[in-house]
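Architecture at a glance
One letter stands for each residue in the lines below.
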Amino acid sequence: MLWTTNSQASSTNSVLEPEDSMTNTISFKLNDKPVRLKVDGDRPLLWVLRTDLGLTGTKYGCGEGHCGSCTVLLNQRATRSCLLKIKDVMDKEVVTIEGLAKDGKLHPLQKAFMEHDGLQCGYCTPGMILTAVSLLKFNPQPTEQQINKGMEQNFCRCGAQVRIVQAIQAAAAEMKGAR
Amino acid sequence: MNTNDYLAANFRDIHGFEDFYTQSRREFFKRAGGGILIFVALNDLLFGQEEAGRPRGGRPGLPSDFNAFLRIGEDGRVTCLTGKIEMGQGPITSLPQMLAEELETPLDTVDIIMGDTDLCPWDMGTFGSMTTRMFGPALRAAAAEAKVVLLELAADSLKVPQTQLVAKDGIIFDQKNQKNRVTYGQLAKGQKIERHLQAKPALKDPTQFKIAGKPHTRRDAEVKVTGKAHYAADIRVPGMLYARILRPPAHGAKLKNVDTAPARQIAGVQVVQDGDLVAVLHELPDVAETALRKIKAEFDVPEATVDDKNIFDHLLSVAPEPNILKQGGDLDEGKKLAAKKFESTYLNSYVAHSAMETHAALAQIEGDKATVWASTQNPFGARDQIAQAIGFPAEKVRVITPFVGGGFGGKTNNAEAVEAARLAKAAGKPVQVMWTREEEFFYDTFRPAAVVKINSGVDGSGKMAFWDYDVFFAGDRGAQQFYIVPNHRTAAHGGGWGGTRGSHPFATGAWRAPGNNTNTFARESHIDIMAAGAGIDPVEFRLNNLSDARMARVLKSAADHFGWTPAKAPSKRGYGVACGIDAGTYVAAIAEVVVDAAKGTVQVKRVVCAQDMGVVINPEGATIQMEGCITMGLGYALTEEVHFKCGRVLDTNYDTYEIPRFSWVPKIETVLIENNETAPQGGGEPAIILMGALIANAIHDATGARMFQLPMTPDRVKTALQKV
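1. Considerations on the overall build of chain B
For chain B, the count of helices and strands is 20 helices and 29 strands. On C-alpha atoms alone, chain B measures out to a radius of gyration of 27 Å, which is about the 27 Å that the 2.2 N^0.38 rule sets for 724 residues. With respect to the principal axes defined by its C-alpha atoms, chain B has extents near 80 × 75 × 45 Å. In chain B, buried positions account for 57% of the 724 residues. Nonlocal contacts in chain B, meaning residues at least 24 apart in sequence, comprise 77% of its contacts between residues at least 6 apart.

Have a look at this one:
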C-alpha cells in the first residue's frame, strides 16, 4: 500500500500478497488523490477500502448488493462496493463518504442530512448520502417520486426515510441544479 | 483531563480512542483531577423499576450503589457517564439536554460517555424505552443535586446567602449585584467533592424548560454524515485478525467431523478450533472468507418437522397452562348479555431484527485483561458473558460500546462478543468477529411467532359485554384490556419472548415493543370486527367503550387531525384506526390504504399518529421515533416473515426477507399531546405496536376482507379477498 487517504489507516495492514493468488497493481483515483495498490485484483472494493485503506465509512450490510450500505461513487455514479472487484476500478475515480467534503466544507447533502435529521443509527447514512449525490448529479431537481425511486434500493431499518427525502429535497433546492 | 477528549476518545477520532482506552480506571480518576462528582442510585429514588428482580452487577472497585454519575470539572465542563448506549434513538442528545436543563449550564458544555463498563456505572441495558423515563429522572436528580452543591460553594465564595443567588448558563451570581459572580469551573477548582444523592431533589417544572423540551440537532449528526462515526467493526488495533466462523446448516446440528487442512494452505491463515467453535483468522476478512469456504465439515442434523406453515399448530400443542393476567365479572353472564358474539384467532410469524449493522465485536487480550468493543445494547451483560466464557474475573473484562448501528432488542445476546473473546484468547491476537447477513438471519433472536384467541360479545347498545383473551407465546405486554368491559378474562400462555422448552425452533427474544405488536394487532383487529358487527363507526365504537380519558383524548386527537367522518366499515374509503399503550405512552393512529385486488398489494397512503407520552423532553426526537416506528412497522405488517424448515432458516438475505423501502412510506403526520402532568414516558417503541391492526383494519374498510395473520402478504390478501 503506497498511500492512504487519512491518518486513520491502521498500521496493522501491510500490503498482503498471498502466495496462492494473483497480485495485481491497481491504480485509481480515490477521493481526489491517486492510489496504487498491490493486491489480488479479485478482492471486493469494500474490504480493500475498509481494511487495506482504513476507510471504514463504507459499511458492510448484506454483501450481495441488496441494501446499499456499501455504496461508493464510481466515476460519479452510485455503485455497490461489495460487488465490485478492485481490478474493475482500475483507472477510474472512486469517492467514499470520507472524500465528499471539500476543503473542510461539508457537501450540501451532508449538511441537509444533519439539519433534517436524515439519520438515526447512522449506519446506512454514508450509502444514503452517496446514492443521493449520484441521484442529484443525474437529476438535479427530482420529484418526490423520483427520489423514492432513486433511493429505493438503499435500506434504513430505523425508519428515517421521511427525513432523508426531506434532506434530499432541501439539498436539491440549495444546490439549484449545480452538479 | 480535558473532557473534550472524552467525545474524541469515544466517538470522534480513532487515535483518541486508542490513547484513551489504554488508561486504567485508576488513571482515569487520577487524570479526572479535581472537581465535583455526583452519584445517584436509582433505587433510592424509586426509579428502581428497571432493576426489579435482577441481581445488581457491581462495578469492580467502585461502590455498586449508584447508577449514574456526573462530574463538573475545573474547566467548567460537565461530564455525564452512563451505561446506556446510542443506537439511533438519540440519548446522546437527549440526556445532555436534561442534564444541562437542571444544572443551568449551556448544552455545549456537557459531554457524555456511554456504554464503557470500566468508566460508566452499571446499567441493565438500553431497551424497553427506559432511557428517558427511568434513567432520565435519575440524571436530572443528579444535575439538580450538583446545582445545590454549586450554590453552597458559591454562597461561601461570594459571601452572599444562598437564597440571594441565581444559577444561569454555568455561572452563579448575586441577584442584588450581578457583578458579584463565579463560574462553575471556578467553583469546582481545587475541590474534591463526592456527593451521594440521599433525597430526591426538587426538579424543574417542565413548563420552565429552556433546553429540554426544545428541538436540537443530533450531537452525533456530523460524525455520522462524514463517515467518522465508529461502529464496533470499524475499530482497528495493531496485529488484529478477522475471523470467519464455521456454522452449522441447521439449528441443533452438531459437528461430526471437520477437515481444516485446505484452509491452512492459504498464506497467513490461522485456524482455531475450540470445541464446537471452528474459525479461520486472517489479516483480511475477505481472505478469511475464502479460507472458510475451503473447510470440509460434516454435521449431524437432528430430525425436525416444524416449519413456517405448521408452527402455529405446534405452538398451541406445546403451550403451557395460562397465567391469568386479569379477570372480573362473569363470562357466562356476559355471554347472556351479548347480542352478538365474535370469535377469532390471530397469527403472527417470526420476525427478524435486521439492524443494518450486523453483530460485530473486536476482542483484545493484554496480559490478564480483556477489552472488547461490541455492538451491544447491554455492555454490562456482555462483560459478564465474556468473563464467564474465557474464565476471567468480571473486573478483568472491559466492554466498550461504540456507536451501535441499530438494535431494536436484537443486540442483547452478545454471542459475537463472546466468540471474539474466545478466539482472541485462543489465537493470542486481537480478533474481530463481524457476522455476515446470513449469520445474522440464522442467529438472530427472532420476535416469536404467536397466536391470540379472542372470544367477545357486544350488547344491543354497542357496549362490550364480555372479553375472553388468550395469548400464546407473545407474553403479557400490551395484552391488558383498556376498554370498559364488565365481564372479562385475559390470560397469557408462555410469558416471555424466549418461549418454553421445545416451543421455538431457534432463539427468540425481545423485538421493538416485545409482545405488544402481537397483542395490539389481535385486540384492535377484534375491536374493529365488533364495531363492524354492531354496525357502528370504529372510532365511535371505541370512544363508547372507553372510560380512560387519556386514551379518549389521544384517539379524538388522531381522528380530528385526520379529518375523520363517521361511517360503518367497510366504507370503501380504506380508512383504519388502532389504539394502544406501550411503555407508559398512549398512542392512536388512523391510516388510509389502497389495495390492489388483482395483485394483493397494499399501499399505505397516509398515517396520522397521536401520542401522549407525558412530558416531552425532545419533541423533535420523539417525532422522529414515531416516524421510525410507523415506517419500520410497515415491514412486520406487510412482508416480514422468517421462512424456515427443519431447523434451517431459508431466508439468508434481503432477496427473500423484505424490509420497508422508500416507496412504501406513507405521508406521516404526528401529533404530540401536551401532558405536563405525567412524567416522561417511553418514545422509542409505542407507535410501532399499532401498525398491524391499523393496516388490517384499513384493508377491511377498503375491501371487506379481514386479515387474521401477519404479515399481510399479497397471497394472504388475495386469499382473504376471495372470502368476501
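2. What to know about the overall build of chain A
Assigned secondary structure in chain A consists of five helices and five strands. Listed N to C, the secondary structure of chain A is β-β-α-β-β-β-α-α-α-α in terms of helices and strands. Relative to its 179 residues, chain A shows a buried fraction of 57%. By sequence separation, contacts in chain A at least 24 residues apart represent 62% of the contacts at least 6 residues apart.

3. Considering unusual backbone geometry
The phi angle of most residues is negative, glycine excepted, and most peptide bonds adopt the trans form. Residues and elements named next belong to chain B. Following Ala 569, the chain continues into Pro 570 via a peptide bond in cis, with omega recorded as 0°. Following the sequence through the fold, Pro 570 ends up in the loop between helix H17 (549-562) and strand S23 (575-582). In this chain, Leu 710 is followed by Pro 711 through a cis amide linkage whose omega measures -5°. Inspection of the secondary structure puts Pro 711 in the loop between strand S29 (709-710) and helix H20 (714-722). Here Asp 169, not a glycine, exhibits a phi torsion of approximately 50°, which is positive. Of note, Asp 169 is situated in the loop between strand S5 (165-168) and strand S6 (171-174).

4. Some thoughts on the domain arrangement of chain A
Frequently, the measure chosen for interface size is the accessible area that the parts lose on association. Residue and element names in this part refer to chain A. One can read the domain layout of chain A as domain 1 (24-99) and domain 2 (108-175). For the side of domain 1 that touches domain 2, the element with the highest residue contribution is strand S3 (residues 71-74), accounting for three residues. Taken together, the residues that form the side of domain 1 that touches domain 2 break down as six nonpolar, six polar and two charged.

5. Topic: the domain arrangement of chain B
Residue and element names in this part refer to chain B. Each assigned domain of chain B is listed here: domain 1 (4-225), domain 2 (232-301 + 373-434) and domain 3 (311-351 + 446-722). Counting residues at the interface gives 19 residues for domain 1, matched by 19 residues for domain 3. Of the residues that constitute the side of domain 1 that touches domain 3, the class distribution is six nonpolar, 12 polar and one charged.

6. Describing the interface of chain A and chain B
Taken together, the 53 residues of chain A in the interface contact 55 residues of chain B. Elements with a minimum of two residues in the side of chain A that touches chain B: helix H1 (45-52), helix H2 (108-115), helix H3 (125-138), helix H4 (144-151) and helix H5 (161-175) of chain A.

7. Looking at the sheet that holds strand S25 (residues 601-612) of chain B
Residues and elements named next belong to chain B. Pairing within the open sheet is mixed, and its four strands lie in the order S23-S24-S25-S28. In this open sheet, the two edge strands, each paired with only one partner strand, are S23 and strand S28 (667-672). Put simply, the sheet's adjacent strands are angled 20° from each other on average, direction ignored. Strand direction decides the pairing type here: S25 and S28, joined by six bridges, are parallel. Along S28, the bridge assignment pairs Val 607 with Ile 668. Sheet contacts for helix H19 (residues 691-703): S23, strand S24 (585-596) and S25; angle to S24, the most-contacted strand, approximately 40°.

8. Overview of the pairing of strand S16 (residues 360-366) of chain B
Residues and elements named next belong to chain B. S16 sits mainly inside the fold: six of its seven residues count as buried. Examined bridge by bridge, S16 and strand S19 (residues 431-434) share four bridges and lie antiparallel to one another. Paired with Ala 360 across the bridge in S19 is Met 434. In this structure, S16 lies alongside strand S17 (residues 369-374), joined through six bridges in antiparallel fashion.

9. Topic: the confidence of the model for chain A
Summary statistics for chain A give a mean pLDDT of 89 and a share of 87% for residues scoring 70 or more. Contacts from residues 1-20 of chain A, a stretch scored under 50 in pLDDT, to residues over four places away or in other chains number 45 contacts.

10. As for the environment of Gly 275 of chain B
Residues and elements named next belong to chain B. Position of Gly 275 relative to the elements: it lies in the loop between strand S11 (270-274) and strand S12 (277-282). Judged by C-beta crowding, with 7 C-beta atoms within 10 Å, Gly 275 ranks as exposed. Separated by 45 residues in sequence, Gly 275 and Pro 320 have C-alpha atoms that sit 34 Å apart.

11. Observations concerning the pairing of strand S4 (residues 110-114) of chain B
Residues and elements named next belong to chain B. Summarising burial for S4: five of the five residues are buried, a large majority. Of the two faces of S4, the one lined by Val 110, Ile 112 and Met 114 and the one lined by Asp 111 and Ile 113 are each fully buried. In this structure, strand S3 (residues 78-82) lies alongside S4, joined through five bridges in parallel fashion. Bridge pairing in S4 links Leu 81 to Ile 113. For the handedness criterion, the β-α-β arrangement of S3, helix H4 (residues 91-103) and S4 is classed as right-handed.

12. Remarks on the nonpolar core
By size, the foremost hydrophobic cluster in this structure holds 263 residues, and its most contacted members are Val 372, Ala 589, Ile 695 and Ile 699 of chain B. Sort the elements by how many residues they give to this core and helix H5 (residues 130-158) of chain B lands first, with 11 residues.

13. With respect to the packing of H3 of chain A against H4 of chain A
Residue and element names in this part refer to chain A. One can describe the packing of H3 onto H4 by two numbers: an axis separation of 10 Å at closest approach and a directional angle of 130°. Comparing their axes, H4 and H3 come out oblique. By crossing handedness, the relation of H3 to H4 is classed as right-handed. Residue-level contacts link Thr 131, Ala 132 and Leu 135 of H3 to Ile 147, Gly 150 and Met 151 of H4. Class assignment of the residues belonging to the contact of H3 with H4 gives a composition of four nonpolar, two polar and no charged.

Conventions adopted
- Residues numbered from 1 in each chain as written.
- Chains lettered and ligands numbered in written order.
- Predicted model: local features only at pLDDT ≥ 70, side-chain atom pairs only at ≥ 80, totals over all residues.
- Helix = DSSP H or I, 4+ residues; strand = E, 2+ residues; numbered from the N terminus.
- Rg over C-alpha atoms; globule rule 2.2 N^0.38 Å.
- Buried ≥ 20, exposed ≤ 12 C-beta atoms within 10 Å, placed from the backbone.
- Contact = placed C-beta atoms within 7 Å.
- Domains from an automatic or database assignment.
- Nonpolar A, V, L, I, M, F, W, Y, C, P; charged D, E, K, R; others polar.
- Pairing = 2+ DSSP bridges.
- Axes fitted to C-alpha atoms, helices over the stretch in contact; angles between N-to-C directions.
- pLDDT = per-residue confidence, 0-100.
- Right-handed = clockwise from strand over helix to strand, strands pointing away.
- Core = buried A, V, L, I, M, F, W, Y, C linked by C-beta atoms within 7 Å.
- Parallel < 35°, antiparallel > 145°, perpendicular 65-115°, else oblique.
- Left-handed = near helix turned anticlockwise from the far one by under 90°.

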